[in-house]
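Structural description and commentary
Here's the letter readout for the chains.
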Amino acid sequence: WYQRRVRVLLPLLKIATTDVYSSFEGVKNLNHIEDHLVTLLGEYLESERVRLNTLETFRQYVLSGKSYTDPERYISYPTNQFNVIHRFAADWNNLKGWMDSRNQDMVSAYDSYESHFPNQDDVKGAIRAIHRLQDIYKIKASQFARGDPVEQESGTSELLGQPFNVKALYVFTKNAYENQDWNKCSAWAQQAFHLMQDTGEYLPDHSMWFDVADHFSFCLYKAGNVEEAMEITDTMLLHYPTHERLLSNKAYFQETIQASLKERPAFEKRSVVTDPTLDMHEIGGPEDVEITFVPKKYPGADQVVLDEKTIEDEIEDKKYVGWSTRVKKYRKLCKEAPPLSPQMAQQVHQLQCYIKQDTPRSILQPIKVEVAWPSPRILIFHDFMSDEEADFLMSLALPMLNRATVHNKETGKLENAEYRVSKTAWLDMDLPADKNKVVRRVNRRMEDATELSHDYAELQQVNNYGIGGQYEPHYDMATKEEKAFTEHDGGNRVATLLFYMGNTDAGGATVFVDAG
C-alpha cells in the first residue's frame, strides 16, 4: 500500500511544479514570487553598491596620498608613516568583512599578510611619537594635519606628507584627552572640527561630528578657554537644542565668564568656530634653559685625567639632580645649535681637521678626522664607510631587528622603555664567510681610527629608528649602581663609535648635553 501511494502522489507533484501555464492562480502566484525576488535583488544590488563604493572610496583615499615615483622617501615622512599604521589598524583590519569571499586572490593575500598588521598598541605608540616630535621640534598640530610638519622653503610647493583625515585627527584628540593634555587636545580637535566644516565629510547629525565638537569644547574649557568652549557649545546646541548636558555646560560657562569679566580688562575676541588658526598653545615656548659648556678634563682628552670617583660623583649628581635641565637641553639642542658661549669660544682653537695615516691600512686608505669637541674628545670620521658597505650591513641586520632594550638598574635585566624607541640587531661574528668579511673589514677600519682593539669591543649593533624614534639623554657606559657589562671580558665601555647609514629631511641629530 505504501509503495502504491507514492506512485499516485508523484504525478500530482509534477503537475503542481511544472504546469504553471495551465492555471491562472499558478501564474498569479509566480508573479508574486518574482515581485518579491526582484525586490530582494534590488536590496542586494544597493548593498553591493554601498559595499563597492565604500571599497572604492577607501582605495582612492589610499592612492591619492601615495607617491609611487619615490616610495622610500614617501614612507620616510612621519605623517605618511602614521597614516599607513592607522589605516591598517582602523580600515584594513575591518576590510575583510566588506570583501566578497569569491575573490580568492584578495582573500588569500589578506590572510597571508594579516599577521603583519599593526594593532591599537602600534597606533598609540605612533601617536606618542608624533606628540614627541611636537614637543622637541615645536611643531603645531595644524602642520601635521596638513601633512607638512617640516616647514618648506618659501616658494616650494611640494608637499611630502599626506594630510590627516578626520578619523586620524580625532584619534590624536582622544589620546591627548586621555592624557589630560588639554592644550594638545584643543589643538587636534580644532583641526578635526574645521576639516569637517571644510569638507562636509561629517555633518552635525553624525556621531563623529558630535564627538569631535564635544571633546573640543571640553578641552578648551579645561585649558582655561571658557569663552571659546561656550562658543563651540552654542554651535552644538544649534543642532541639539534639547541636549541636557550641553544646556547645563552652557549655563556653567556663562556663570564662569560673568565672574571672570569683573577681574580682567576687555580684549578683542576671536572666534574659535570661524578661525582655524587660533593658537591653542599646544607646543609651549622655547626651552627655558641656557646652553653653556664648561671645559672639563676627561679620559682621552689629552689632558690630566679625573679619577674614577670624581667622574662617578658627577654622574650621580647629573642623573638625579639635573635630569629636568638635561632633558630641556636635549630638546633645545635637537632643534637648534646653541650660541657660542665664552667657554666654548676658548675651545675653538682646538677644533681641527686632519688626515690619519699611522697604520699600514690607513696609508692605503687615509682616515679623514674632524675634532668636533676637544674635551671630552668628540671626533667625526668623514667618508668612513661606502654606500655599498652601509647597504650591506643594513640588509644583514634587517631580518634580526628586534625592539631595543635598556638595562634595568635594579635587576640588571634588559627591558623595553619609552625613552628608547627603535629596533636593533647585533651582527654576530659567526656569520657565513661571505657576509662576515664586510663586518670584519669595518671592524679593522674602526681599530685604525680609534687605536682601540676590537678584541675588547662588543659586536656591531645596527639601530633602525621609526616615527619619532629616540634615545633620551643617557650614559653609554654603566654607572656604579647598574649591573651591566659584568659578563664582558673587556669591562665597562670607554668609547662609542656611531655610523650614520641613512639620512633624514629633518631631525636625526645626536646631541651631547653635558659636553664640557
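You'll find the structure just up there.
So, here is what we can say about the structure in this document. Quick caveat, the model's predicted, so the values are computed rather than measured.

Observations regarding the state of the cysteines
Enumeration according to the criterion identifies 1 disulfide in this entry. Residue pairing for C185: its cysteine sulfur links by disulfide to C219, the two sulfurs lying 2.0 Å apart. Taking the sign of the S-S torsion, 60° for the link of C185 and C219, the bridge is right-handed. Residue C185 is found in helix α9 (residues 182-199), and its partner C219 is found in helix α10 (residues 207-222); the two are separated by 34 residues along the sequence. The two residues C185 and C219 agree in class, both being buried.

Details of the packing of helix α2 (residues 24-65) against helix α4 (residues 78-95)
The N-to-C vectors of α2 and α4 enclose an angle of 165°; their axes lie 12 Å apart at closest approach. Considering their axes alone, α2 and α4 lie roughly antiparallel with respect to each other. Of the two possible hands of crossing, α2 and α4 adopt the one that is left-handed. In contact with L55, F58, Y61 and V62 of α2, α4 contributes N83, R87, D91, W92 and L95. Its residues assigned to classes, the contact of α2 with α4 shows 6 nonpolar, 1 polar and 2 charged.

Some details on a nonpolar patch on the surface
A cluster of nonpolar side chains, namely L30, I33, L37 and L40, defines an oily patch on the protein surface of about 360 Å² accessible area. The class for L30 is partly exposed, based on a relative accessible area of 47%.

Section: the packing of aromatic side chains
When we look at a pair of aromatic rings, we describe it by the centre distance and by the angle of the planes. For the structure shown, the criterion picks out 23 aromatic pairs. Seen from their ring centres, F82 and F172 are 4.7 Å apart, and the 45° between their planes marks the pair as tilted. Here the residue F82 occupies a position in helix α4, and F172 occupies one in helix α8 (residues 166-178), the gap between them amounting to 90 residues. Judged by relative accessible area, which is 0%, F82 ranks as buried. Between F384 and F499, the ring centres sit 5.2 Å apart and the planes meet at 25°, which makes this aromatic pair stacked. Of this pair, F384 sits in the loop between β3 (378-382) and α17 (387-397) while F499 is found in the segment after β10 (470-471), placing the two residues 115 residues apart along the sequence. By way of ring pairs, the aromatic residues Y177, W182, F218, Y221, Y252 and F253 are connected into one cluster.

Some points on the sheet that holds strand β2 (residues 367-373)
With respect to topology, 3 strands assemble into an open sheet ordered β1-β2-β3, the strand pairing being antiparallel. Strands at the two margins of the open sheet, each flanked by one partner only, are β1 (353-356) and β3. Strand-to-strand, the axes of this sheet are offset by a mean angle of 35°, without reference to chain direction. Judged from the 4 bridges that link them, β1 and β2 form a sheet pairing that is antiparallel. Along β2, the bridge assignment pairs I355 with K368. Along the sheet face, helix α18 (residues 433-450) touches β1, β2 and β3 and points at about 55° away from the line of β2.

A few points about the sheet that holds strand β8 (residues 423-427)
Strand order in the open sheet formed by 3 strands is β4-β8-β9, and the pairing between neighbours is antiparallel. Only two strands of the sheet have a single partner each, and these edge strands are β4 (402-403) and β9 (460-464). Pairing of β4 with β8, which is carried by 2 bridges, proceeds in the antiparallel orientation. Of the residues in β8, the one forming a bridge with R403 is K423. Across the face of the sheet, α17 comes into contact with β8 and β9 while running at roughly 105° to β8.

What counts and how
- Residues numbered from 1 in each chain as written.
- Predicted model: local features only at pLDDT ≥ 70, side-chain atom pairs only at ≥ 80, totals over all residues.
- Heavy atoms only, no water.
- Disulfide = S-S within 2.5 Å.
- Helix = DSSP H or I, 4+ residues; strand = E, 2+ residues; numbered from the N terminus.
- Buried < 20%, exposed > 50% of the residue type's maximum accessible area, 1.4 Å probe, protein only.
- Axes fitted to C-alpha atoms, helices over the stretch in contact; angles between N-to-C directions.
- Parallel < 35°, antiparallel > 145°, perpendicular 65-115°, else oblique.
- Left-handed = near helix turned anticlockwise from the far one by under 90°.
- Contact = heavy atoms within 4.5 Å.
- Nonpolar A, V, L, I, M, F, W, Y, C, P; charged D, E, K, R; others polar.
- Patch = residues over 30% accessible without salt bridge, like charges linked within 9 Å, V, L, I, M, F, W, Y side chains within 5 Å.
- Areas by Shrake-Rupley, 256 points an atom, 1.4 Å probe, with all protein chains shown as cover.
- Salt bridge = Lys/Arg side-chain N within 4 Å of Asp/Glu carboxyl O.
- Phe/Tyr/Trp six-rings, centres within 6.5 Å; stacked < 30°, edge-to-face > 60°.
- Pairing = 2+ DSSP bridges.

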